Amino acid sequence: MALNIKALIQRAKISIPDIARIAIDAREMLSRVRGHMLAPDRRKKAPVFTIGQVAALCGIDKPKLQYRIKKLGWVQSEGSEGKTRAFSLGEVRQLARLVREDFVRPEAARGVVIGVGNFKGGVSKTTTTMCLAQGLSLRGHKVLCIDMDPQGSLTALFGMLSDAEIDDEMTVGRILIDNDSTELLDAAVQQTYWDGIDLIAANTNLYAAEFSLPARQMTDSSFQFWNVLNEGLMSLREKYDVILIDTPPALSYLTINAFMASDGLIVPLPPNNLDFASSVQFWNLFGDLSSSLMESAGLTKTFDFLNILLSRVDASDVSSSVVREWIQATYGDKVFPVEVPKTTVTVAASTEFGTVYDITRYEGSMKTYRRAREAYDRVVDLVEQSVVVSWHQQIAETE
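Owing to the predicted nature of the structure, the values given are computational and were not obtained by experimental measurement. (Residues numbered from 1 in each chain as written. Predicted model: local features only at pLDDT ≥ 70, side-chain atom pairs only at ≥ 80, totals over all residues. Heavy atoms only, no water.)

Here we take up the pattern of salt bridges. Per the stated rule, a full pass over the model turns up 13 salt bridges. A salt bridge links arginine 97 to aspartate 241; the nearest nitrogen and oxygen atoms lie 3.7 Å apart. You can see arginine 97 sitting in helix α5 (residues 89–99) and its partner aspartate 241 sitting in the loop between α12 (236–239) and β7 (242–246), a full 144 residues away along the chain. Here arginine 373 and aspartate 377 are joined by a salt bridge, their closest N and O atoms 3.2 Å apart. Taken together, the residues span about one helical turn, with arginine 373 and aspartate 377 both in helix α17 (residues 366–398) at a distance of four residues. Summarising the burial analysis for this pair, arginine 373 and aspartate 377 share the class buried. Here the salt bridges do not stand alone but share partners, grouping Arg139, Arg373, Asp377 and Asp381 into one network. (Salt bridge = Lys/Arg side-chain N within 4 Å of Asp/Glu carboxyl O. Helix = DSSP H or I, 4+ residues; strand = E, 2+ residues; numbered from the N terminus. Buried < 20%, exposed > 50% of the residue type's maximum accessible area, 1.4 Å probe, protein only.)

Running from N to C, helix α10 (residues 209–219) and helix α13 (residues 253–261) cross one another at 75°; their axes reach a closest spacing of 8 Å. The orientation of α10 relative to α13 falls into the category roughly perpendicular. Residues Ala209, Glu210, Leu213 and Pro214 of α10 form the contact with α13, whose own contacting residues are Tyr253, Leu254 and Asn257. For the contact of α10 with α13, the per-class residue count stands at five nonpolar, one polar and one charged. (Axes fitted to C-alpha atoms, helices over the stretch in contact; angles between N-to-C directions. Parallel < 35°, antiparallel > 145°, perpendicular 65-115°, else oblique. Contact = heavy atoms within 4.5 Å. Nonpolar A, V, L, I, M, F, W, Y, C, P; charged D, E, K, R; others polar.)

In this section: the packing of helix α4 (residues 62–72) against α5. Their axes nearest at 11 Å, the elements α4 and α5 cross at an angle of 110°. Looking at the two axes, α4 sits roughly perpendicular to α5. Note on element contacts: α5 touches α4 through Gln94, Leu95, Leu98 and Val99, opposite Leu65, Arg68, Ile69 and Leu72. A class-by-class count of the residues in the contact of α4 with α5 yields six nonpolar, one polar and one charged.

If you look at the biggest cluster of nonpolar residues, it comprises 57 residues, and the most contacted ones within it are Ile114 and Phe158. The element best represented in this core is α17, accounting for 11 residues. Counting 32 residues, the second largest nonpolar core, distinct from the first, contains Leu185, Val228, Leu229 and Tyr240. (Core = buried A, V, L, I, M, F, W, Y, C linked by side-chain atoms within 4.5 Å.)

Our next topic: the environment of isoleucine 51. You can see isoleucine 51 is positioned in helix α3 (residues 51–58). Assessed through its relative accessible area of 12%, isoleucine 51 is described here as buried. Between the C-alpha atoms of isoleucine 51 and glutamine 66, which are 15 residues apart in sequence, the distance is 8.3 Å. Residues within four places of isoleucine 51 in sequence aside, it is in contact with Lys62, Leu65, Gln66, Ile69 and Phe87.

Below is the structure:
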């Protein structure tokens, strides 16, 4: 097919104002989409739960749970036809704390900070962060999520538009960008639609941290640019059982601050060639940089746990089994013994700004839904175990 060169070269060029108009149109479209998905009040709502689901979350059988409910004085059925009672998220969390006493944070322990990161986009970092937060809260824990990605994807999963609804003071930018790095982040915390999860949101102004932090380092040789977030979280560690940080897909000043503030790291990694190669760069760059920072400061940094999560696993991809072997041989026991499948359930949930935990009733195959939900439940169980161990390690270190 012949090209019409004359027509092509007369095509209008794209100016900066054109791009600005595209940005406005895109933002308006996202607002309309979100308004449709979250109608009628444009806010997400937490799901409700059956007694069977509550019993499974609490790890006890239904008769024992019903006895606990009776002791609390709660009505177990409603309606003239004995309609089965639905439990609210707050009720589920209360029951979980009552029956799972071994998993309650000891008073002498502080909250565990977990960084979720990978230098490559599209590996389910944000979804993993959100599912961990929801799963841990369902088990009775008080969770804080911190969105450190200027794109604000985690903020969007909570039903908020980062640029339209999030002021700079509602982000970690209040300490990473402003000159007063001694300020704490408590004032940036806001409640969410999900009982038991609070949020420090993100907006695009967080990109400014990539300039402000090195600028401050240049004017003040004693300034530790990588330790600002860690210091800003001091009081919040006493208020929350777990703090989850969603990081940008790059080795940035934001990512470094997140990792250096973390007690544990979780790295979602799909089993394909490009993502595996990217993970190699991830460890090389982070290892070299962190070693240099700690050496220059005369400090040490340790993590209580570090895990690789096989995510977005496509069962129909024949090459994934080979890459899975590479990952297992490379990372050994750091690889979680559970895989998160790529299913129609997760795709459908993400199009509605949600996760598998947001679904009260799935309209498709229940077998597919259970496979996705059970995978995340298992991941949450494993992370919770690491958190409990970290709490007791903290206590042992102070004795």
